[in-house]
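Residue-level structure breakdown
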Amino acid sequence: RRVLLLGEGNFSFAASLCGAAGTHVVATCYESEEEVCGRGRAAESIRRLREAGAEVVFSVDCTKLKDYFLPEEREFDCIYFNFPHCGRKAGVVKNRELLARFFHSSAEVLTEEGEVHVALCNGQGGTPADQPRREWHNSWQIVAVAAGAGFILSNIHPFKAETIHGYKCTGYRSQDKSFCIEGALNHIFTRSTPLPYFKPMICEIELESRKVSFQVPQILVDKINRGFLELNSNHPVRTVKEKLTAELNQAFPLQNIDCCLSLLHQGHLNGVCHSNIFWIILSPEESPSTEEMSNGVANAVLFSHVDFCKDTDENGWVNVQEACHISKQYYLRPSLLPYAQAIIQRGAFLPGTLHVLSGPVFRKCLISPYSMPVFHEVVFVCAVNRGTENSCIQMLVNSIKTSIHSLHQTLSGSKLNINLQEATSFETTELNDFAAFESQLSEMQYFICMEIDTSGCCEKGSCVGIIRTELVGSELVVVSASLNLDILTMLICGISDWRMLWTSDTRFRCQFPRGKLRLFKSFSLYPPSYVHDVSFWVPDGEQFDEVAFHTIARQVSGETVVSIQLIDSFQQSETRQKSLCYRLTFQSCDKALSRQEVAEMQLLFRKEIKQRLRVALR
C-alpha cells in the first residue's frame, strides 16, 4: 500500500504510521524543510520516517499533486489530509475552495479503489455526524465539495488522537500551537461511479412469432433486461423470491411459467389511465436496415416509444389506429395480472397447483419514496373448488408471513407486523403507488401490509401485496396473490431508497452473496441535496399532466430528482390563465452529484417541459 500524507505540521502523524507492515509512506508538508524543522519534535519525526524508509517531501501544494510525482508514482492507495486549513483567519468560502481543489487533485493520483481520509474539527464538515451540526453557511460542506470531484462519503468515525502514538496537532493560525480536536471526525471518501448518460437503446424480442425491435424509453434504458431474477443472479430481489417460493412449496405444488411472458402487452387494461403507461407505437414508415436484412432480421418490425400522446378515446386510452394508421397498440407491461388472467381464461391450469409468474413491470408514476417506474412483481395463482377459497387464502398468507418473518428475524431484531387487511378498509389516498395501481386493474379483496417498528394502522408505503379471487365457471374459484418484490426486499434488508436496487456500483451487489440476505450498509453517506424551483403558465383550457411532468424530471435527471412539491398556484381573474410553481429536490443515493451538474439538469428540465408540455416558463 502506498500512502500519501498531506499538510503534515510536525510529521508526528506520519511517524505513527511508518512502522505499519506492507505500507510505504510518502509524507509531505506545504512549508519548506527549514520552516518545519523549527517546530517542536518535527526534526525527530522526520528522522524516524527516513530511517524507516519513508519518503519525506517538502513544499508540496495539495491542489497540484500530480506535479510532484512521476506518472508511475501517482498511484496511491490512501491519501490522508488531517485538519486542512488555508491558514490564519481564512473563512468558510476559502476553505471550501481549498477542499474542492484538493479533491480534484487527489483524483489524479489515487487508485480506482483508493480512499481519501480528511479529518476535520467538530462542526466543520457540515454533516449530521457533527454534534452540534452547524448551519450551511457556517460549515465547509465537505460532502458536496467532494462530489464536485467525483467522490462520495463512504465512512465517517471519530478522530481519536489519543490512540495515535506520539501524535500532537499543531498549526493553530499558522503557528506552532495546538488546537482543539475534541469531537473531530475522520471522513473517508471513495470514488463514485459516474452519472449515467444514456444513449438510445433498441430492445429486440419475440412477439406473435416474429422478431420485434423497439426503442426503450430513456428512463428505463439502465433498467430493462438487467436479469435480476435469472438463475445466475445473486441480486437480493431474486433471493427474496426464492425464499418465498420455497416456503410456499411446503403448502402447494408449484409450477413456474415465467418463460412465456412478453415485455409488450396489447389491448385495454380496465380503469388504468393512459398517462401511466409506457406506450410503444408501431411506426409504419420504419423498415429494417440493410445490416438487419443481412443478419436475417427481414421480418423485424420497428416500434418507437411515445412519451405523451394527446389523441385518446373517451376512457383516456391512446387511439393508436387513428393516430398512427395501424391496427394494434402495444405498451410495456404494467402488471403481470393480465397474463394470470389469460391462463385462467384458457383453463390452462391445474387445480390445487400454485402457478408462479414473475418479472419486471413498468409504470409511469409520480416521484415519491415508494413509487417506482419499474419493479419486480411475482404473482401466485391457484384454482380451488368453490367454497374452499378462504382456506386457500389463509394458507397463502400464512406461508408468505412465515417466509418474511424468517427472513426479517435473521437480519434484524426490530419488530415486524404483517397484516391481511380488507380492501374496503382503505381510502384511495392511503394507498402507496403499487396498491393504488393494482386496485385499478380489477376488484380485490385484501392487502398484505408490513409494519416495521410501528404500531396501529398500516402506514402508507408498506403495502407489499394484493390478494384477489375470481369465479371461473360454477365450480372453481381462482385465488391470486401479487407481491411487489422490490418493496419487500427494501423492508427486509433495510434499503431506504428503491434506486439502490438498480445501482451499477459493485459495492451494492457484493453485500449479498449468492442466496444470502443481509442488512444493507450504505456506501454513500449523507449525500448532498439541491433545491430548484420552476414556475410556468399552463396552456389555457388544458389539463396539466402531472405524471408527464414527473416523468420528464426522471428522464433529464437520471432519477436524481427525489421530490417534487407544488408550492404555489394561482389563476388570473381576468384571463383565467393558471400558474403553477413546483419545487424540485435533487439527490443521488449512490453517486456523486455536484451543484453544477444539478444546475445543468434544471436548465434541461425547463427546456423539455416547455417543448413537450407546451407550458410558458416564468
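Structure's up top.
Residues numbered from 1 in each chain as written. Predicted model: local features only at pLDDT ≥ 70, side-chain atom pairs only at ≥ 80, totals over all residues. Heavy atoms only, no water.

1. Comments concerning the overall build of the protein chain
Within the protein chain, the secondary structure is distributed over 15 helices and 24 strands. Across the 618 residues of the protein chain, 52% fall into the buried class. Put simply, 72% of the contacts in the protein chain that link residues at least 6 apart link residues at least 24 apart. (Helix = DSSP H or I, 4+ residues; strand = E, 2+ residues; numbered from the N terminus. Buried < 20%, exposed > 50% of the residue type's maximum accessible area, 1.4 Å probe, protein only. Contact = heavy atoms within 4.5 Å.)

2. Remarks on the nonpolar core
With 84 residues, the main nonpolar core has Phe214, Leu264, Leu332, Leu357, Phe380, Ile492 and Ile495 as its most contacted residues. At 9 residues, strand S16 (residues 374-385) tops the list of elements feeding residues into this core. Among residues more than four places away in sequence, those in contact with Phe380 are Thr245, Leu248, Leu354, His355, Val356, Leu396, Val479, Ser480, Ala481 and Leu483. By size, the runner-up hydrophobic cluster in this structure holds 29 residues, among which are Leu6, Ile79, Phe81 and Val116. (Core = buried A, V, L, I, M, F, W, Y, C linked by side-chain atoms within 4.5 Å.)

3. Observations concerning the sheet that holds strand S22 (residues 561-571)
Read across the sheet, 4 strands follow the order S22-S23-S21-S24 without closing on themselves; strand pairing throughout is antiparallel. The open sheet has two edge strands with one neighbour each: S22 and strand S24 (616-617). Pairing of strand S21 (residues 530-538) with S24 involves 2 bridges; the strand directions are antiparallel. Bridged to Trp537 within S24 is Ala616. Helix H14 (residues 546-557) rests against S21, S22 and strand S23 (578-586) of the sheet, and its axis sits at about 140° to S22. Lying on the sheet, helix H15 (residues 595-612) is in contact with S21, S23 and S24; it crosses S21 at an angle near 15°. (Pairing = 2+ DSSP bridges. Axes fitted to C-alpha atoms, helices over the stretch in contact; angles between N-to-C directions.)

4. Notes on the sheet that holds strand S1 (residues 2-6)
Pairing between sheet strands relies on hydrogen bonds along the backbone, with the strands arranged either parallel or antiparallel. The strand order across the open sheet built from 7 strands is S3-S2-S1-S4-S5-S7-S6, with neighbouring strands paired in mixed fashion. Lying at the two open borders of the sheet, with one neighbouring strand each, are strand S3 (55-57) and strand S6 (151-158). When strand polarity is set aside, the average angle formed by the axes of neighbouring strands in this sheet is 20°. Pairing of strand S5 (residues 110-120) with strand S7 (residues 185-191), which is carried by 6 bridges, proceeds in the antiparallel orientation. Within S7, the position partnered with Glu115 by the bridge is Thr190. Across the sheet, helix H4 (residues 92-106) lies against S1, strand S4 (76-82), S5, S6 and S7, angled at about 155° from S5, the strand it touches most.

5. Some details on the pattern of salt bridges
Across all of its chains, the model carries 14 salt bridges by this definition. The salt bridge partner of Glu542 is Arg614, with a shortest N-O separation of 3.1 Å. Of this pair, Glu542 sits in the loop between S21 and H14 while Arg614 sits in the loop between H15 and S24, and the two are 72 residues apart along the sequence. Classification of Glu542 as partly exposed rests on a relative accessible area of 35%. Using a relative accessible area of 45% as the deciding quantity, one classes Arg614 as partly exposed. (Salt bridge = Lys/Arg side-chain N within 4 Å of Asp/Glu carboxyl O.)

6. Some details on the state of the cysteines
Following the criterion strictly, the structure yields 0 disulfides and no others. Free of any disulfide, Cys62 has its nearest cysteine sulfur in Cys86, 8.6 Å distant. You can call Cys62 buried: its relative accessible area is 9%. (Disulfide = S-S within 2.5 Å.)

So yeah, pure geometry; function would need other evidence.
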